[in-house]
Amino acid sequence: YKLKRSFLFLQGPCTPFFERLAQALKTQGHEIHQVHFCAGDIFYGRGIAASWFNKSASHLSDFLQTVYQRHGITDQILFGDQRPVHQPAVQLAKRLGIRNHVFEEGYFRPRWITLEREGVNNHSLLPHDPQWYWEVGGRLPDDPFTVAFKSSFVDRAVHDVAYHVAGLLNPLLFPRYKNHAGISAPVEYAGYIKRLTHLRFIREREKIRARKIALGKAPFYVLPLQLNTDAQIRHHSQFSDMKELIEHVLASFAQHAPTESHIVIKNHPLDIGWMNYQKIIAGCEKRFDIAGRVHYLEEGGWAMLGSNAQGVVTVNSTAGTVALEYGVPLKALSDPIYNLPGLTCQLPLDDFWKAGTPPNVELFKRFRRCVLHATQVNGGFYSDEAIALAVQNSVPVLTAEQSPLERLL
């Protein structure tokens, strides 16, 4: 006999995932309710009974408390714990003994999404103790069985556009709503269109350049960039944007890296091109006297670059887990879940260039096993096939008394 629960859905990804998940929970006899914060939420939550929040942020806690009481809420479901509307909601639910279930993009991609109780990334309840991963990961079976699925950039883009077209009604229906991304949809789309058009012309050239660097004689390091709008950067790092990161890393590289070494700065595949990285890098080359040793790539060959590099420097990107899979020395400049002694370099960045050591391969295997079993769900947010899989695999996690991580702990 499963306890009947009452689920409150807050903001989800810009897809029908939350609506389909809600229907699946309803079919099992659970109560379902939702809060709409903007017109996009209404568009993607059409099948769920909902309350509208269109007051100023200072009223959110009182509003939620009323919703919790009226509907006897036992569980709260949200996507990303750093959105302005989610931060107070998570804290309030914790105080009142309501369980938080946080979805996020997968720690390991592309077949996984993240589902954790109470928080993700820096707020994850995963232990920060390599010994725990060593012991528990040693007892766990290998990677859980996964089903592959197709999910394209087009799927993602179509949902995103639908969500933001609905958002044209926000001034009328939700006049106080502010988008969590801090950048408007038209600006974002204009950036994508410009960048994707540009990439069509240079893609082959970039692949050839990446291959040449990867197979060349000069030792090199890689700095994969993240998105300026990423919560991982804005809330979980010392950097306000990628410009600050580039300047910080290149200043250290110029002073402390072996003089014959090079560094490759690789742009994020979903970057919208509103920062001129080439110009920023050219300025640093001049200032730090490292002309000819820095290579900027818009695209191409992360697998080849990552596996042949002397080391990888990241803030907290999932590219870090890929570097660990390749067995390449890794320096994390903030505190992602994989920043553990034995996996990442614990020395300061200035020392990393000459003294970075490769990760312990067996520890990484055990770490990966623990993270997959404790926090990852096979599925995706964007294509129908991926969503169906994610819904099917999330329901047992959401309705269980203990989370997979609690069972391991």
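Our subject in this report is the structure included herewith. (Residues numbered from 1 in each chain as written. Predicted model: local features only at pLDDT ≥ 70, side-chain atom pairs only at ≥ 80, totals over all residues. Heavy atoms only, no water.)

## Regarding the nonpolar core
1) Next: Core analysis: the largest hydrophobic core is formed by 57 residues, its most contacted members being L64, Y68, Y133, L305 and F367.
2) Next: Residue contributions to this core peak at seven residues, all from helix α15 (residues 361-375).
3) Next: In this view, Y133 contacts L126, P127, G138, L340, L363, R366, F367, C370 and V371; residues no more than four positions away in its chain are not counted.
4) Next: If you look at the next biggest cluster of nonpolar residues, it comprises 29 residues, including Y277, C284, V294 and Y296. (Core = buried A, V, L, I, M, F, W, Y, C linked by side-chain atoms within 4.5 Å. Buried < 20%, exposed > 50% of the residue type's maximum accessible area, 1.4 Å probe, protein only. Helix = DSSP H or I, 4+ residues; strand = E, 2+ residues; numbered from the N terminus. Contact = heavy atoms within 4.5 Å.)

## Remarks on the sheet that holds strand β11 (residues 330-332)
Within a beta sheet, neighbouring strands are joined by backbone hydrogen bonds and run either parallel or antiparallel to one another.
1) Next: The sheet built from five strands is open, its strands ordered β9-β8-β7-β10-β11 with parallel pairing. Looking at the sheet topology across the chains shown, the edges are occupied by β9 (294-297) and β11. The average angle at which neighbouring strand axes cross in this sheet is 20 degrees, direction not considered.
2) Next: The pairing of strand β10 (residues 311-314) with β11 spans three bridges and is parallel. Bridging from a neighbouring strand, T314 pairs with A332 of β11.
3) Next: Docked against the sheet, helix α10 (residues 242-256) engages β7 (220-224), β8 (262-266), β9 and β10, running at close to 170 degrees with respect to β8. (Pairing = 2+ DSSP bridges. Axes fitted to C-alpha atoms, helices over the stretch in contact; angles between N-to-C directions.)

## What to know about a nonpolar patch on the surface
1) Next: A cluster of nonpolar side chains, namely V161, V165 and L168, defines an oily patch on the protein surface of about 280 Å² accessible area.
2) Next: Tracing the sequence through the fold places V165 in helix α6 (residues 153-166).
3) Next: Among the residues examined, V165 registers a relative accessible area of 48% and is labelled partly exposed. (Patch = residues over 30% accessible without salt bridge, like charges linked within 9 Å, V, L, I, M, F, W, Y side chains within 5 Å. Areas by Shrake-Rupley, 256 points an atom, 1.4 Å probe, with all protein chains shown as cover. Salt bridge = Lys/Arg side-chain N within 4 Å of Asp/Glu carboxyl O.)

## Brief notes about the packing of aromatic side chains
1) Next: What the rule picks out here adds up to 23 aromatic pairs.
2) Next: Seen in terms of ring centroids, F17 and F103 are 5.1 Å apart; in terms of plane orientation they differ by 85 degrees. Their pairing is edge-to-face. Taken together, the positions of F17 in helix α1 (residues 17-27) and F103 in strand β5 (residues 99-105) put the pair 86 residues apart, joining distant regions of the chain. In this structure, F17 and F103 share a single accessibility class: buried.
3) Next: Aromatic pair F17 and F381: ring centres 5.2 Å apart, planes at 70 degrees, arrangement edge-to-face. Of this pair, F17 sits in helix α1 while F381 sits in the loop between β12 (376-378) and α16 (384-399), and the two are 364 residues apart along the sequence. Assigned by exposure class, F17 and F381 land together as buried.
4) Next: Counting every residue linked through ring pairs, the aromatic cluster contains F9, F17, F18, F79, F103, F381 and Y382.
5) Next: Between R46 and the ring centre of F43, over which it is positioned, the NZ or CZ distance is 4.3 Å. (Phe/Tyr/Trp six-rings, centres within 6.5 Å; stacked < 30°, edge-to-face > 60°. Lys NZ or Arg CZ within 6 Å of the ring centre and 35° of its normal.)

## A few points about the sheet that holds strand β2 (residues 31-36)
1) Next: Across the sheet, seven strands lie side by side as β3-β2-β1-β4-β5-β6-β12; this open sheet has mixed pairing. Looking along the sheet, the strands with just one partner apiece sit at the ends: β3 (50-52) and β12. Sheet twist, expressed as the mean angle between neighbouring strand axes with direction ignored, is 25 degrees.
2) Next: As paired elements, strand β1 (residues 6-9) and strand β4 (residues 75-79) share three bridges and run parallel to each other. Each bridged residue has a counterpart across the sheet, and for L8 the counterpart in β4 is Q76.
3) Next: The strands touched by α1 are β1, β2, β4, β5 and β6 (112-117); relative to β1, the strand with the most contacts, the crossing angle is about 170 degrees.

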